[in-house]
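Inside the fold
Chain by chain, the residues:
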Amino acid sequence: MGNENFGPVLGETHGARHADGLGALRKHSCRMAAQCRRRLMIYSFRLNPGIYNQPCFVEAVRQLIIRHARTRILILVAETDELGRRGSGLVQLAQERASSVEIRRRAEEFRNQQRSFLLADDCGYILRNLWSDLSNARLDYNAPYVVRSLMDDFLLEWEQSEADPSLRRLSI
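Please read all numbers here as calculations on a predicted model, not as lab measurements.

1. Notes on the pairing of strand β5 (residues 116-120)
Where burial is concerned, most of β5 is hidden: five out of the five residues are buried. Where strand β2 (residues 39-44) lies against β5, four bridges are found, and the strand directions are antiparallel. Paired with Leu40 across the strands is Ala120, a residue of β5. The pairing of β5 with strand β6 (residues 124-128) spans five bridges and is classified as antiparallel.

2. With respect to unusual backbone geometry
A positive phi angle, close to 50°, is found at Asp121, a residue other than glycine. With respect to the secondary-structure elements, Asp121 resides in the loop between β5 and β6. A relative accessible area of 5% places Asp121 in the buried class.

3. Some remarks on helix α5 (residues 89-96)
Regarding α5, the residues found buried are Gly89, Leu90, Val91, Leu93 and Ala94. The opening residue of α5 is Ser88, an N-cap whose side-chain oxygen sits 3.2 Å from the backbone nitrogen of Leu90.

4. Here we look at the state of the cysteines
In this structure the tally under the stated criterion is one disulfide. Disulfide partner of Cys30: Cys56, at an S-S distance of 1.8 Å. Sign of the S-S torsion, about 50° for the bond between Cys30 and Cys56, identifies this disulfide as right-handed. In this pair, Cys30 sits in helix α1 (residues 22-35) while Cys56 sits in helix α3 (residues 55-67), placing the two residues 26 residues apart along the sequence. A residue is classified by how much of its surface remains accessible, and Cys56, at 36% relative accessible area, is partly exposed. Cys36 carries a free sulfur, and the closest cysteine sulfur to it, the one in Cys123, is 8.0 Å from it.

5. Some details on the side chain of Gln35
Summarising the element assignment, Gln35 is placed in helix α1. Separated by 3.1 Å, the side chain of Gln35 and the backbone oxygen of Pro8 make a polar contact. Reaching out from Gln35, the side chain makes a polar contact with the backbone nitrogen of Leu10 at a distance of 2.5 Å.

6. Focus: the nonpolar core
If you look at the biggest cluster of nonpolar residues, it comprises 36 residues, and the most contacted ones within it are Leu40, Phe57, Ile75, Leu90 and Leu118. Residues Leu74, Leu76, Phe117 and Met151 belong to the second largest nonpolar core, which totals 14 residues.

7. A short note on the packing of α1 against α3
In the contact formed by α1 and α3, the axes pass within 8 Å of each other and the chain directions differ by 10°. The angle between the axes of α1 and α3 places the two elements in the roughly parallel class. Packed against α1, whose contacting residues are Arg26, Ser29, Cys30, Ala33 and Ala34, the element α3 presents Cys56, Phe57, Ala60 and Arg67 at the interface. When its residues are assigned to classes, the contact of α1 with α3 shows six nonpolar, one polar and two charged.

Definitions and limits used
All chains use their own residue numbering, which begins from 1 and follows the written sequence. Where totals are concerned, whole chains, interfaces and linings use all residues; where local detail is concerned, this predicted model gives features only for residues with pLDDT of at least 70, and gives and counts side-chain atom pairs only at 80 or more. The side-chain numbers reported here are obtained from all heavy atoms of the structure, hydrogens and water having been left aside. We call a residue buried when its accessible area falls under 20% of the maximum for its residue type, exposed when it is over 50%, and partly exposed in between, using a 1.4 Å probe and counting protein chains only. The helix and strand labels rest on DSSP assignments: H or I over at least four residues marks a helix, E over at least two residues marks a strand, and numbering proceeds from the N terminus. DSSP calls a pair of strands paired once it identifies at least 2 bridges connecting them. Think of a polar contact as two N or O atoms within 3.5 Å of one another; within protein, one of them needs to be a possible hydrogen donor and the other a possible acceptor, and neighboring residues in sequence only count if both atoms come from side chains. Defined by distance alone, a disulfide is two cysteine sulfur atoms within 2.5 Å. We define the nonpolar core as a collection of buried residues of types Ala, Val, Leu, Ile, Met, Phe, Trp, Tyr and Cys that are connected through side-chain atoms lying within 4.5 Å of one another. Axis definition: a line fitted to C-alpha atoms, limited for helices to the stretch in contact. Angles are taken between N-to-C directions and run from 0 to 180 degrees. Oblique is the label for any angle not covered by the other classes, which are roughly parallel (under 35 degrees), roughly antiparallel (over 145) and roughly perpendicular (65 to 115). Only heavy atoms enter the contact rule, under which two residues are in contact if any of them lie within 4.5 Å. Three classes are used: nonpolar for Ala, Val, Leu, Ile, Met, Phe, Trp, Tyr, Cys and Pro, charged for Asp, Glu, Lys and Arg, and polar for all others, with Gly counted as polar.

Here it is, written out as structure tokens:
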């Protein structure tokens, strides 16, 4: 993503911001993914294609995998049916680069959680308390304490969740 010097910088720019609408969510999601260096985590009820299946986001994730061999992209989703049916650039990356990208379906006891968030490295986050509300998101490019708290929740659920067989590529 070009012109990174003219916007917030992951790990450097402090201060919570408000993202109002799909355009702002898309812009900040692409920017954070493009600046990420080690770990990207996505937690969502459904992966909104207007954010996570946009060319800028998928390409940022692809470049992250290429640039950093030890990169981990972890995605926890409650509803995976649509991902398998309509396709997704992230699902394709998970199929091509299983050592770097993993998608799991949230365990049944966590399926009703309504929030959605993206965590970039140990410092940046985008959080929506209601996954379907695209007009009310908070974000910060350098908030390690908030990220640590969200990451703890994510990892707790990650350990209890499992891969969705419908998202795996069939080898023939």
